[in-house]
Amino acid sequence: MKNKALLFTLLGLAFIAQWYIPLSMSQLNEEVLEKGVEYRFRTAPVDPADLFRGRYVALRFDAASFSMDSSYNWSFNKPAYATLAEDSLGFAMVIDLSIEAPTDDIHYVEVQIQSRMESPLGQSLQLKFPFDRFYMEETKAKPAGLAYAEAARDSSKEAYALVKVHKGDAALVDVMIDGVSLQELVESQKDQGH
Amino acid sequence: MSLKNELSVLLNNGVISEETASRIKEFYSTKKSNSNQRLFIIYGILGALLVGLGIILILAHNWDQLSRTTKSIFAFIPLTTGQVLCIYALWKKSDSAAWRESSATFLAVSIGASIALMGQIYHLPEDPESFLLTWTLLGLPLVYLMRSSMSSLLYIMGITAYAVQSGYPHSDEPYWIYFLLLLAIMPHYLQLLRQKFESSFSTYHHWFIGLSIIICLGILPTRHDEQLFVLYMSLLALFIQLGKLPAFTNSKTRNNAYLLLGALGALIILFILSFDSLWVSWRLTLTPLSSRLSATEMLVSYPIIASAVAIYFLRKRRQSAVGINLLEFTSILFPIIFFIGVSSSSGAVLVNLLVLGIGILTLRSGSQKEHLGLMNAGLLIIAILIICRFSDTNMSFVVRGVLFVLLGIGFFLANYRLLKKRKSEE
C-alpha cells in the first residue's frame, strides 16, 4: 500500500511536469501579448521556395540585417540582444546589439546571429528573430504565403509583422499587408474565387 | 476443434493415455492464452499510437475559427486523456501489460503533441533540440512508473533524434547529454533482460540501443576524424562480444542484434579501409603518434576495447571450448592495425588480407557446419572484396570478367554441393 502511494505521488509529479511545460509556454506568450509594446517589422523579399513548410508562412525582415562598427566576434550559438526603436515611418529597427540583456526599461528582443560578414565599416550581421513563422490553417497557408511573397516584393505595398515585445520576449500577433490582416486577406480572396 | 478431434482419435486407438491427452490440452490452452495476451499488447499499443497521432493531425489543422484560448484548451485534451488512462491502468489494471503499455504510449505521444501545439498557437520559432529534449524527459517517468517498454523504445528514438539534431555537424551543445540520457534508460533495460530475456521487447531493445549508440557515437568531439574508425571498431568489437554471450546462444540470429550489428559494421569498416587512398591521405597529415594516442576518440576507445577483451576472457573461463574467429580478433586488435597503417604503407594490404581471410574462414565454417547462410556470407565477403579492388586497380575487362564468372561458378557449386549433401543425408 505504501508502495502504491509512493507510485501515485511520483506519477502525480510527472503529470504536473507534463502540464507545466506547455502551460508555461502559453503563459509566457500571453503575458507578452498582454503587456508587450507593439512593434511593426517590415518584411523583406523571400525566396518562394523557402515559403511553404506545411502550415505556416516563413517570414523575413528588413530589420534582420544589422551593421555595426565593432570587431566583436559574435558567436552563432549564443543568444544576443537586439535593442529596438522605431524609424521615421514607424517601423521597427535594430539600433544596438549586445551580449548581455539590457535593462527592462529598454525594448529589446533575444535574437540569434545567423551570419556575419566583415565590411569596411565594421561588420554586417544577419539576425534571426524569434518570430519567423506565422502558422495558419492548413488550407490557408499556401495562398497566404503567395500573397505575402507578392507584397514583400512589391515596394508599393506595405507588408509587416505585428509583434509585441516584453522584457526580451516577443510574440507574433499578426502579419499585415497594406493594413489588412493576412488571415482576412486570404479569406476575402477565397470568397472572391468562389 | 481439430486438436480435440485428433486427441480423441489418438485416445480411442490407444496411442496416448487419458492423462497425456488432458496434459496436451492444458498445454495448448495456456499457450493460446499467452499468445492472446501478446496480441492484446500489440494491438493496444498500435491503437494508442494511431489514435494519438490522429488527434495530433486533427489539432494541427489549426482551426482558425477557434480563439487562442480555445485552441490552448484543446491542446491539453490529449494530455489529460492520456494521464487519466494511465491512472486508471495503474489503479485498476495494474496487472495488465496491455493496459499499461497502451495508456503510456498514448500519453507519451500526447506530451509531444501539447508542446508542439503550443508552438503553433503562439507562432513560436522552430527549436527541434529543446523540443525533443523536453519531450523525452517528460516521457521518461512513464517508463518506470507505468513499467512500459514501449515508452522506453519511444524514449530511445527520441534521444537518438535529439543527439542527431544537436550533435551533427559538431555544435557547442554538450555531447555528454545524450550519454546521460541513454544511461537513464539502462535500469529498465537491465530489468527487462533479467526478467524477460526471451521477450520481443528485449529483442527490440537490443536493436534500438545498439543502433542508437552507433548513430550517436560520432557526436563526440573529434580531433582526428579518421580515428573515428578506431572508435567505431572498438564499439563493434564490444557488440560482437556481447552478442556471443551465453545468454544469446539459443536466440535466433535475427534476434541477436549485437552480433549482427557488430559483425556487419566491422565488415563495412574493413571494406572502406581496404582502399589504399584513405591510408595515403592520413599518412600525409604527419600527425605524431603521441597526439593520435591521446585524442578523445582513443581515450573513449580504450575502456570499450578493455570491456570487449574482458568479456572475451570471461566467456573463455566459463566455457572451455571458446575459440576466436578472425573477425573478433580483427575487431579487438584493430587499433594496432590502424596505427601500423598510418605509420607504414602496409595498411591497405593488411586489411585486404584480413578481409580475404575472414571471407575464406566464414566460407569454410559455413560448409563445415552445413549452414547455407554462413557459407554464402563468406562468398559474399570475398565477392565484395573483389568488386572493391576492381575500382582501384587497372585490371583489364577480360580479367575482371573471368573473375566474375569464376565467382559465379563458385557460388553455384558451393550451394549445389551443400544442398545435395543435405538431401543425401535426409
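Fair warning: this is a prediction, and the values are worked out from it, not measured in the lab. The residue numbers shown here count from 1 along each chain, following its written sequence. Written order decides the labels, with chains lettered from A and ligands numbered from 1. For this predicted model, a pLDDT threshold of at least 70 governs which residues receive local features, and a threshold of 80 or more governs which side-chain atom pairs are given and counted, while totals over whole chains, interfaces and linings are taken from all residues. The basis for every side-chain value is the complete set of heavy atoms in the structure, and neither hydrogens nor water enter the calculation.

Caption draft 1: Spatial organisation of the overall build of chain B. In terms of regular secondary structure, chain B is built from 18 helices and zero strands. Projected onto its principal axes, the C-alpha coordinates of chain B cover approximately 75 × 70 × 45 Å. By the burial criterion, 44% of the 426 residues in chain B qualify as buried. Whether two residues are in contact is decided by their heavy atoms, any of which lying within 4.5 Å being enough. If you take every contact in chain B between residues at least 6 apart in sequence, the share linking residues at least 24 apart comes to 70%. In this description, accessible areas are obtained by the Shrake-Rupley approach with a 1.4 Å probe, and a residue is regarded as covered only by the protein chains that are shown. When the accessible surface of chain B is totalled, it reaches about 22500 Å², and 68% of it is carbon and sulfur. Neither His nor the chain termini are counted; the positive set is Lys and Arg, and the negative set is Asp and Glu. In plain terms, the charge of a residue is placed at NZ if it is Lys, CZ if Arg, CG if Asp and CD if Glu. Computing the positive centroid from 33 side-chain charges and the negative centroid from 22, chain B places the two 8 Å apart. Numbered from the N terminus, helices here are DSSP runs of H or I no shorter than four residues, and strands are runs of E no shorter than two. Think of it in three bands: with a 1.4 Å probe and only protein chains considered, a residue is buried below 20% of the maximum accessible area for its type, exposed above 50%, and partly exposed in between.

Caption draft 2: A look at the overall build of chain A. Counting its regular elements, chain A contains three helices and eleven strands. The linear arrangement of helices and strands in chain A, starting from the amino end, is α-β-β-β-β-β-β-β-β-α-β-β-β-α. Scaling as 2.2 N^0.38, a compact globule of 194 residues should have a C-alpha radius of gyration of about 16 Å, whereas chain A reaches 20 Å, well beyond that. For chain A, the spread of C-alpha atoms along the three principal axes comes to 70 × 55 × 30 Å. Within the span of chain A, comprising 194 residues, buried residues form 44% of the whole. In chain A, the proportion of contacts linking residues at least 24 apart, taken out of those at least 6 apart, comes to 66%. Carbon and sulfur atoms make up 53% of the accessible area of chain A, which amounts to about 10400 Å² in all. Within chain A, the 28 negative side-chain charges are centred at a point lying 9 Å from the centre of the 19 positive side-chain charges. Radius of gyration here is computed from C-alpha atoms only, and the compact-globule reference equals 2.2 Å multiplied by the residue count raised to the power 0.38.

Caption draft 3: View of the interface of chain B and chain A. Taken together, the contact between chain B and chain A spans 34 residues of the former and 33 residues of the latter. Buried surface area refers to the total accessible area, computed with a probe of radius 1.4 Å, that the two partners give up upon joining, counted for both partners together. For the pair chain B and chain A, the summed buried area comes to about 3200 Å², and 64% of that belongs to carbon and sulfur atoms. Contact with chain A buries area across many residues of chain B, yet Tyr122(B), His123(B) and Leu145(B) alone supply 21% of it, more than any other trio. Any Lys or Arg side-chain nitrogen found within 4 Å of a carboxyl oxygen on Asp or Glu counts as a salt bridge. Between chain B and chain A we count one salt bridge in total.

Caption draft 4: Quick peek at helix H3 (residues 68–92) of chain B. Residues and elements named next belong to chain B. A rise of 1.5 Å per residue sets the reference length of H3, with its 25 residues, at 36 Å; its end C-alpha atoms lie 37 Å apart and thus fit the reference within 8%. The sharpest bend along H3 measures roughly 25° and falls at Ile77, with the proline Pro78 sitting one to four residues further on. Of the positions making up H3, those classed as buried are Lys71, Ser72, Ala75, Phe76, Pro78, Leu79, Gly82, Gln83, Cys86, Ala89 and Leu90. Here the expected length of a helix is defined as 1.5 Å per residue gap, with one fewer gap than residues. One fitted axis covers the seven residues ending at a residue, a second covers the seven starting there, and the bend at that residue is the angle between these axes.

Caption draft 5: Representation of a nonpolar patch on the surface in the model. Like charges within 9 Å and nonpolar side chains (Val, Leu, Ile, Met, Phe, Trp, Tyr) within 5 Å are joined into patches, using only residues over 30% in relative accessible area that form no salt bridge. A grouping of Val398(B), Val402(B), Val405(B), Leu406(B), Ile409(B), Phe412(B), Leu413(B) and Tyr416(B) is seen on the molecular surface, where their side chains present a nonpolar patch of about 810 Å² in accessible area. Relative to the assigned elements, Val402(B) resides in helix H18 (residues 397–425).

Caption draft 6: Main features of the pattern of salt bridges. Counted under the stated rule, the structure contains six salt bridges over all chains. One salt bridge in this structure joins Asp132(A) and Lys128(A), with 2.6 Å as the shortest N-O distance. Under the relative-accessibility criterion, Asp132(A) is labelled buried at 15%. Between Glu328(B) and Arg315(B) there is a salt bridge, and its shortest N-O distance comes to 3.5 Å. You can see Glu328(B) sitting in helix H14 (residues 326–332) and its partner Arg315(B) sitting in helix H13 (residues 296–318), a full 13 residues away along the chain. Taking relative accessible area as the criterion, Glu328(B) reaches 1% and is therefore assigned buried. For Arg315(B), a relative accessible area of 7% corresponds to the buried category. One network of salt bridges, in which partners are shared, links Lys244(B), Arg315(B) and Glu328(B).

Caption draft 7: Broad picture of unusual backbone geometry. All names here are of chain A. Phi at Lys167 takes a positive value of approximately 50°, unusual for a residue other than glycine. Locating Lys167 in the fold gives a position in the loop between strand E9 (159–166) and strand E10 (169–177). Backbone geometry at Asp178 places phi at a positive 50°, although glycine is not the residue there. Structurally, Asp178 can be placed in the loop between E10 and strand E11 (180–181). Asp178 gets classed as partly exposed once you look at its relative accessible area, which sits at 43%.

Caption draft 8: Representation of the packing of helix H16 (residues 347–368) of chain B against helix H17 (residues 372–392) of chain B in the model. Residue and element names in this part refer to chain B. Orientation is described by axes fitted as lines to C-alpha atoms, over the contacting stretch for helices, and by angles from 0 to 180 degrees between their N-to-C directions. Across the interface, H16 lies against H17 with an axial gap of 6 Å and an inter-helix angle of 155°. Considered as vectors, H16 and H17 are oriented roughly antiparallel to each other. Here H16 runs over H17; the crossing is left-handed. Of the residues in H17, those touching H16 at Asn352, Val355, Leu356, Ile358, Gly359, Ile360, Thr362, Leu363, Ser365, Gly366 and Ser367 are Leu374, Met375, Ala377, Gly378, Leu379, Ile381, Ile382, Leu385 and Arg389. Class assignment for the residues of the contact of H16 with H17 results in twelve nonpolar, seven polar and one charged. These descriptions rest on fixed angle ranges, namely under 35 degrees for roughly parallel, over 145 for roughly antiparallel, 65 to 115 for roughly perpendicular, and the rest for oblique. By convention, the crossing between two helices is left-handed when the near helix turns anticlockwise from the far helix through less than a right angle, and right-handed when the turn is clockwise. Amino acids are sorted into nonpolar (Ala, Val, Leu, Ile, Met, Phe, Trp, Tyr, Cys and Pro), charged (Asp, Glu, Lys and Arg) and polar (every other residue, Gly among them).

Caption draft 9: Spotlight on the sheet that holds E9(A). Residue and element names in this part refer to chain A. DSSP-based pairing: two strands are paired if at least 2 bridges between them are found. On the basis of which strands lie adjacent, the open sheet formed by four strands has the order E1-E9-E10-E11 and antiparallel pairing. Two strands lie at the open edges of the sheet, namely strand E1 (37–42) and E11, each paired on one side alone. Strand direction decides the pairing type here: E1 and E9, joined by six bridges, are antiparallel. By the bridge assignment, Arg42 is partnered in E9 with Tyr160. Packing of helix H2 (residues 138–153) onto the sheet brings it into contact with E9 and E10, and relative to E10 it is tilted by some 85°.

Caption draft 10: Quick peek at the side chain of Ser110(B). Residue and element names in this part refer to chain B. As for its placement among the helices and strands, Ser110 is situated in helix H4 (residues 97–121). On the basis of relative accessibility, which here comes to 2%, the residue Ser110 falls in the buried class. Every residue in contact with Ser110, bar those within four places of it in the chain, is listed here: Pro78 and Leu79.

Caption draft 11: View of the packing of H3(B) against H4(B). Residue and element names in this part refer to chain B. One way to put it is that H3 packs onto H4 with a least axis distance of 8 Å and a crossing angle of 165°. One element, H3, and the other, H4, form an angle in the roughly antiparallel class. Seen from above, H3 lies across H4 with left-handed handedness. Looking at the contact of H3 with H4 residue by residue, the classes come out as 17 nonpolar, seven polar and three charged.

Caption draft 12: Here's a closer look at the nonpolar core. Residues Tyr178(B), Leu270(B), Leu273(B), Trp279(B), Phe334(B) and Phe338(B) are the most contacted members of the largest nonpolar core, which totals 62 residues. If you tally residues by element for this core, the top one is helix H9 (residues 228–243) of chain B, at twelve residues. When neighbours within four sequence positions are excluded, Tyr178(B) is seen to be in contact with Ile159(B), Thr160(B), Ala163(B), Ser212(B), Ile213(B), Cys216(B) and Ile219(B). Within the second largest apolar cluster, 40 residues are counted, among which are Tyr39(A), Phe61(A), Ala64(A) and Ala141(A). Put simply, a nonpolar core is a bunch of buried Ala, Val, Leu, Ile, Met, Phe, Trp, Tyr and Cys residues held in one set by side-chain atoms that sit within 4.5 Å of each other.

Without other data, these values stay purely geometric and don't point to any function.
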